[in-house]
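A structural walkthrough
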Amino acid sequence: MTVHATNAVLRVAPASPAVAAAYFGASLAFHADVSDVAGALAAGGDAGFVVLDSRSTESWDQGHVPGAIHLPTALIPEQAGHLLDRSVPVVTYCWGPGCNGATRAALALAELGFQVKEMLGGFEYWVREGFEFETWEGRQRRDADPLTAPVNAADCGC
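Read on for an overview of the structure. Everything quoted here is computed from the prediction, not taken from an experiment. (Residues numbered from 1 in each chain as written. Predicted model: local features only at pLDDT ≥ 70, side-chain atom pairs only at ≥ 80, totals over all residues. Heavy atoms only, no water.)

Along the backbone of the protein chain there are six helices and seven strands. Along the protein chain, from the amino end to the carboxyl end, the secondary structure elements read α-β-α-β-α-β-α-β-α-β-α-β-β. Counting only C-alpha atoms and orienting by the principal axes, one finds that the protein chain spans roughly 55 × 40 × 30 Å. Residues counted as buried form 33% of the 158 residues belonging to the protein chain. For the protein chain, the exposed area adds up to about 9,600 Å²; of that, 57% sits on carbon and sulfur atoms. Of the charged side chains in the protein chain, 9 are positive and 18 negative, and the gap between their average positions amounts to 5 Å. (Helix = DSSP H or I, 4+ residues; strand = E, 2+ residues; numbered from the N terminus. Buried < 20%, exposed > 50% of the residue type's maximum accessible area, 1.4 Å probe, protein only. Areas by Shrake-Rupley, 256 points an atom, 1.4 Å probe, with all protein chains shown as cover. Lys, Arg positive; Asp, Glu negative; His and termini not counted. Charge placed at Lys NZ, Arg CZ, Asp CG, Glu CD.)

What follows covers the pattern of salt bridges. This model, assessed by the stated rule, comprises five salt bridges. D53 is paired through a salt bridge with R55; the nearest N and O atoms lie 2.7 Å apart. Overall, the relative accessible area of 0% leaves D53 in the buried class. Note that R139 and E132 form a salt bridge whose closest N and O atoms lie 2.6 Å from each other. What makes E132 partly exposed here is its relative accessible area of 27%. A network of salt bridges, in which partner residues are shared, links E124, R128 and D145. (Salt bridge = Lys/Arg side-chain N within 4 Å of Asp/Glu carboxyl O.)

In C-alpha cells:
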C-alpha cells in the first residue's frame, strides 16, 4: 500500500484488517445506536435489555425514552442494585453526542457488575430520528430530521 504523506487521511496508515476487525467488534460490544434500540423495543416482547436514562429529574421530565428507567448517574452506586437485575444488560443514555453522562453511567454500572452498553446519540438522536418520547405531559413525537434518518424508509439500511 502506498502511503500518501501529504494526505491528512492517510498520513497515518489504516490498521491491518485483523486489528480493525478487533477494534470495530469491540466497539459494537460497548455501543448500540438509537435506531437499533428503538427497533428492539418496538418488536414487542422482551427486548433482552433495559434502557436507563442517567440524566437529572428536570431532564427526565423534559423528555425520555418510553419504558426507560430513570437513575441519575450520581445515584447509581446506592440504587442500581435495587432497581436493576444484574442478569439483564443495561443500555445507558444521556443528552446526546456532546455529553459523556451515559459513558459515566455505563462505567458506574460496569464497576458494580452489570453488563452495559451505551446508546450512541442519546436522547437528542432519539427525538431527531422521530421516535416517540415521554414527557410529564404525555407521549410526543417529532418529525424525523432528514439529516439523521431517512424520510420515506423504514430504516437507513446500515
